[in-house]
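Residues per chain, in single letters:
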Amino acid sequence: MTDSKYFTTTKKGEIFELKAELNSDKKEKKKEAVKKVIASMTVGKDVSALFPDVVNCMQTDNLELKKLVYLYLMNYAKSQPDMAIMAVNTFVKDCEDPNPLIRALAVRTMGCIRVDKITEYLCEPLRKCLKDEDPYVRKTAAVCVAKLHDINAQLVEDQGFLDTLKDLISDSNPMVVANAVAALSEIAESHPNSNLLDLNPQTINKLLTALNECTEWGQIFILDCLANYTPRDDRESQSICERVTPRLSHANSAVVLSAVKVLMKFMEMLPKDLDYYGTLLKKLAPPLVTLLSAEPELQYVALRNINLIVQKRPEILKHEMKVFFVKYNDPIYVKLEKLDIMIRLASQANIAQVLAELKEYATEVDVDFVRKAVRAIGRCAIKVEQSAERCVSTLLDLIQTKVNYVVQEAIVVIKDIFRKYPNKYESVIATLCENLDSLDEPEARAAMIWIVGEYAERIDNADELLESFLEGFHDESTQVQLQLLTAIVKLFLKKPTETQELVQQVLSLATQDSDNPDLRDRGYIYWRLLSTDPVAAKEVVLAEKPLISEETDLIEPTLLDELICHIGTLASVYHKPPSAFVEGSRGVQHKRLPARAGSGESAESPEVGQSGTSEAPPAVIPSQGDLLGDLLNLDLAPATTTVPSVQPSMQMGAMDLLGGGLDSLMGDESDTPGVSHRTEMQSPQPSSDYSERELGGDIGGSPSMGAALGAPAAMPAALSNAPAVGGGLGDLFDLGGGVGMPTGFYVAPKTLFLPAMKAKGLEISGTFARRGGIIQMDLSLTNKAMSVMTDFAIQFNRNSFGLAPAGPLQVLTPLTPNQTIDVSLPLGTTGPVMKMEPLNNLQVAVKNNIDVFYFSCQYPLSLLFVEDGKMERQVFLATWKDIPNDNEAQFQIKDVHLNSDAASNKLQGSNIFTIAKRTVDAQDMLYQSIKLTNGIWVLAEMRVQTGNPNYTLSIKCRAPEVSQFVYQCYELVLKN
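Residues numbered from 1 in each chain as written. Predicted model: local features only at pLDDT ≥ 70, side-chain atom pairs only at ≥ 80, totals over all residues. Heavy atoms only, no water.

## Description of the pattern of salt bridges
Per the counting criterion, the structure on display carries 38 salt bridges. A salt bridge links Asp 340 to Arg 379; the nearest nitrogen and oxygen atoms lie 3.4 Å apart. In this pair, Asp 340 sits in helix H20 (residues 332–345) while Arg 379 sits in helix H22 (residues 367–383), placing the two residues 39 residues apart along the sequence. Salt bridges here are not isolated pairs; linked through shared partners, they connect Arg 371, Arg 375, Glu 409, Glu 441 and Glu 443. (Salt bridge = Lys/Arg side-chain N within 4 Å of Asp/Glu carboxyl O. Helix = DSSP H or I, 4+ residues; strand = E, 2+ residues; numbered from the N terminus.)

## Digging into the sheet that holds strand S3 (residues 774–783)
Taken in spatial order, the five strands line up as S1-S2-S3-S6-S5 in an open sheet, and their pairing is antiparallel. A single partner strand is all that each edge strand has here, and the edge strands are strand S1 (751–754) and strand S5 (804–805). Where strand S2 (residues 762–771) meets S3, 10 bridges bridge the pair, whose relative direction is antiparallel. Pairing of Glu 763 across the sheet is with Thr 782, part of S3. (Pairing = 2+ DSSP bridges.)

## Remarks on the pairing of strand S11 (residues 923–931)
Put simply, side chains in a regular strand alternate between the two faces of the sheet. Burial of S11 is extensive: nine of the nine residues sit out of reach of the surface. The alternating pattern of S11 places Gln 923, Met 925, Tyr 927, Ser 929 and Lys 931 and Asp 924, Leu 926, Gln 928 and Ile 930 on opposite faces, both of which are buried. In the sheet, strand S10 (residues 913–920) pairs with S11 via seven bridges, with the strands oriented antiparallel. The residue of S11 that forms the bridge with Val 920 is Gln 923. Between the end of S10 and the start of S11, which pair antiparallel, lie two residues, with Asp 921 showing a positive phi angle near 50°. One ladder, built from nine bridges, connects S11 with strand S12 (residues 937–945); its direction is antiparallel. The residue of S12 that forms the bridge with Gln 928 is Ala 940. The hairpin formed by S11 and S12 contains five residues between the paired strands, and Gly 935 there has a positive phi angle of roughly 90°. (Buried < 20%, exposed > 50% of the residue type's maximum accessible area, 1.4 Å probe, protein only.)

## Focus: the packing of aromatic side chains
The tally for this structure, following the rule as stated, stands at 13 aromatic pairs. With a centroid separation of 6.2 Å and an interplanar angle of 40°, the aromatic rings of Phe 753 and Phe 768 are classed as tilted. With Phe 753 in strand S1 and Phe 768 in strand S2, this pair connects stretches of sequence that are 15 residues apart. Using a relative accessible area of 11% as the deciding quantity, one classes Phe 753 as buried. Residues Phe 768 and Tyr 859 carry aromatic rings whose centres are separated by 6.1 Å and whose planes lie at 65° to one another, so their mutual orientation is edge-to-face. One end of the pair, Phe 768, is in strand S2; the other, Tyr 859, is in the loop between strand S8 (852–858) and helix H40 (873–882), and 91 residues separate them in sequence. For the pair formed by Phe 768 and Tyr 859, the shared burial category is buried. Chaining the aromatic ring pairs together yields one cluster made of Phe 753, Phe 768, Phe 855 and Tyr 859. (Phe/Tyr/Trp six-rings, centres within 6.5 Å; stacked < 30°, edge-to-face > 60°.)

## Description of the nonpolar core
Membership of the largest hydrophobic core comes to 214 residues, with the highest contact counts inside it found for Tyr 72, Leu 126, Val 244 and Phe 418. Counting residues in hydrophobic clusters, the runner-up holds 64 residues, among them Phe 753, Leu 754, Leu 907 and Val 938. (Core = buried A, V, L, I, M, F, W, Y, C linked by side-chain atoms within 4.5 Å.)

## With respect to the packing of helix H17 (residues 253–267) against helix H18 (residues 275–291)
Between two packed helices, the angle of one axis relative to the other and the distance separating the axes together describe the packing. At a minimum axis separation of 11 Å, H17 and H18 run at an interaxial angle of 155°. The pairing of H17 with H18 is recorded here as roughly antiparallel in orientation. Crossing hand, H17 versus H18: left-handed. Across the interface between the two elements, Ser 253, Val 256, Leu 257, Val 260, Leu 263, Met 264 and Met 267 of H17 pack against Tyr 277, Leu 280, Leu 281, Leu 284, Pro 287, Leu 288 and Leu 291 of H18. In terms of residue class, the contact of H17 with H18 is built from 13 nonpolar, one polar and no charged. (Axes fitted to C-alpha atoms, helices over the stretch in contact; angles between N-to-C directions. Parallel < 35°, antiparallel > 145°, perpendicular 65-115°, else oblique. Left-handed = near helix turned anticlockwise from the far one by under 90°. Contact = heavy atoms within 4.5 Å. Nonpolar A, V, L, I, M, F, W, Y, C, P; charged D, E, K, R; others polar.)

## With respect to the confidence of the model for the protein chain
Residues of the protein chain with pLDDT of at least 70 account for 82%, and the chain-wide mean is 78. Confidence over residues 598–741 falls short of pLDDT 50; this stretch has 245 contacts with residues more than four positions distant or in other chains. (pLDDT = per-residue confidence, 0-100.)

## Some thoughts on unusual backbone geometry
Going from Glu 837 to Pro 838, the amide bond is cis rather than trans, its omega being -5°. Looking at the element boundaries, Pro 838 is found in the loop between strand S6 (820–828) and strand S7 (841–847). The backbone phi angle of His 575 is positive, close to 60°, even though this residue is not glycine. Relative to the helices and strands, His 575 is located in the loop between helix H33 (570–574) and helix H34 (639–642). Phi angles above zero are rare outside glycine, and Asp 921 is one such case at about 50°. Tracing the sequence through the fold places Asp 921 in the loop between S10 and S11.

Here you go:
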């Protein structure tokens, strides 16, 4: 009978019966009882009450019973830590058992019991097992070190287990080598800056020797480790490739992909004229093709990886087009992926084959697949010029089928073909116009409108066609509205006399009736262009367009190089770097391919350089170190590069974002503070009145447009008189008057970081300062012990902003009893990043000849305010608008007895820069910007009322987590 009988019982009072059976003298009865306990545990019953009785069963020679007891122990040790200590003796005993299976079982279970109390008891048995004569025990012990490191990293380092693991890489048994590599890789992932896997040619040789003899998963660990090595020259690279190549014929697809990853990486270093380079390219194709005969899920993973390989080295698979032809029973996800690769491999040699295949696909029943196939025909036309004519005629045949979604996709791709080959295929426009009525998707409608506007002079009834779209202007998507606006302006510039009413109508719809800022802005720009200089308008709107590139969906080269280093992992399936989807610091290391032989670049080795930092590769997405790491993974590039220069004042007038009339900084440029300023500021108009107020007067219908389109009846100041923006800003932002020279950076008095009683007589107090752009930690070390202290060193834990010592702790003379030494430690912001609670918390370890001591302290965020944090004026306005209102935080700073100029002056000493100052109703408003070391911008508005010691501070930032800490800096600086 099978063990399923243990799961069928539903008796009550079972625990007492089991207790009696567990204490029975008969071995068989005991075993049966433990099986029942495990069955109950498996189905979720709480059998923790039996812990002491089950632990008593550990004293047995029966391997099966021991396994069951150990299984129980792993499950309940965490909830019963005090009881679990009872089992320690047995572990120690089992680790010396003559049977290697029992020794290994004991050490494996020890690693799975995640109880801090027990771990220190297990160090001795583990040390013995790491040096055991039996390789099975050694390989199990190697993995146990990685598990123990996860529970208590410091303990593993102190006990010297990491060095023992490194020694195991030279073990005679290949499986021990593989497990040692796996354990070290696992530990290295959680400590990216530790140089655990010190790879050198000797180590690599040992790994390659073990590679031939260990199991498939062992081979994967070794290959992944090899991929992190950077060979010294092309000869070493070729030698490694030769020894890895046999893995390509392995039955396990994971081994094949890991081998491909190593070869793809090391090929970078081989000269292309080398015979071996060509041989290697030929060897890489068959294993990749073989992967496509597996089940669909595996095929998909293989195809995603092949997609990357083909983008990097299309020559590998250029003769294998047929394997990517779609089978009728392929799932849709495999079909779409194959289609993508077919286009990437399309060339003049195989285009006829590809086109015939794609035409076939376009008549399938699966809508998504058909759409992609039609789009693929267009991409082929753009990629292979000789095939363009055949592609266009194929697309026309497909349009004749009158299948709605086929027609729409065809029109979208024909627009791109027109862009690539101007004045070549315009004869087909008539056929396209016949299908106007059937278009209902925004992309297809926008493409058709673009075609009509671009070739308006060739289409007799272009104005009628565009007018038909204009009827439902407000119901169209933004994409269609923008395209329609541009197309009608193009039409007007080509046929001014016939389309004057049409252009007035569209400009009025876009500027007065639309809520969309993009559309309004474009409308006003066209309006201004047409009303002042139609010749310039013609040059801008009808300028010659650049040809579109062959493949627009290629992965950006630096990202592609990084993904090639991650072949065979999730990153290669997602086509995203690990930092984009892995939480925490694990896997956030950016990898890149080594430099090609003779390219002049230095090959970047994974080892960290002498200075302790290796140069980061150019990351495609901002690397976590540049931003606030895992904490604030937002698009926070400095605003100067991302925010366009400020738009005309229409949007500004709509809503008073700062509550203090920031709009008027951009509006009326007159310097007299008229009443209208205040009224507008204090009572914003309801949204329905936006356009009248924004346009500076009553428009009352469309503006009259003469032959050259005269200026609109009442244009906004910023539009009707172009220099107004600059002039107004110049006056309003004139800070020269009130602001004097900034004072220095405020340094808080030293506080006690580490009391002497907690650090065996060493007392540490300190503070933080920023001097000349350099962050410094000022420490006072006092020896209150009876013995001399020497050999000082300092280290920081990962923190929110990557603070790390930029040099050693310079205590040059021994610290004698009752002596105090002051030291200044320079800090950098390129260390590892992890969100701390609170955000500005810093955990520090200080070592001397007596011991290692730990303390945590908090630094002011102003430490991270950089000297180039003064934002451009227009950019400030646009950025404030751009940051969502939900991100705004308001604070009160009480009891500050400074006028606004003195406050501004004081804040500037801490790199809080005043951009503008306005006075409204005896209230000064200071608009300020701050930039943090990791590129985050913080914008602030501070209101200072004459005679009132309480300031109001509004802070806006894309990373609202920092606002509270910025406010604390304001308080600190202003009150001291």
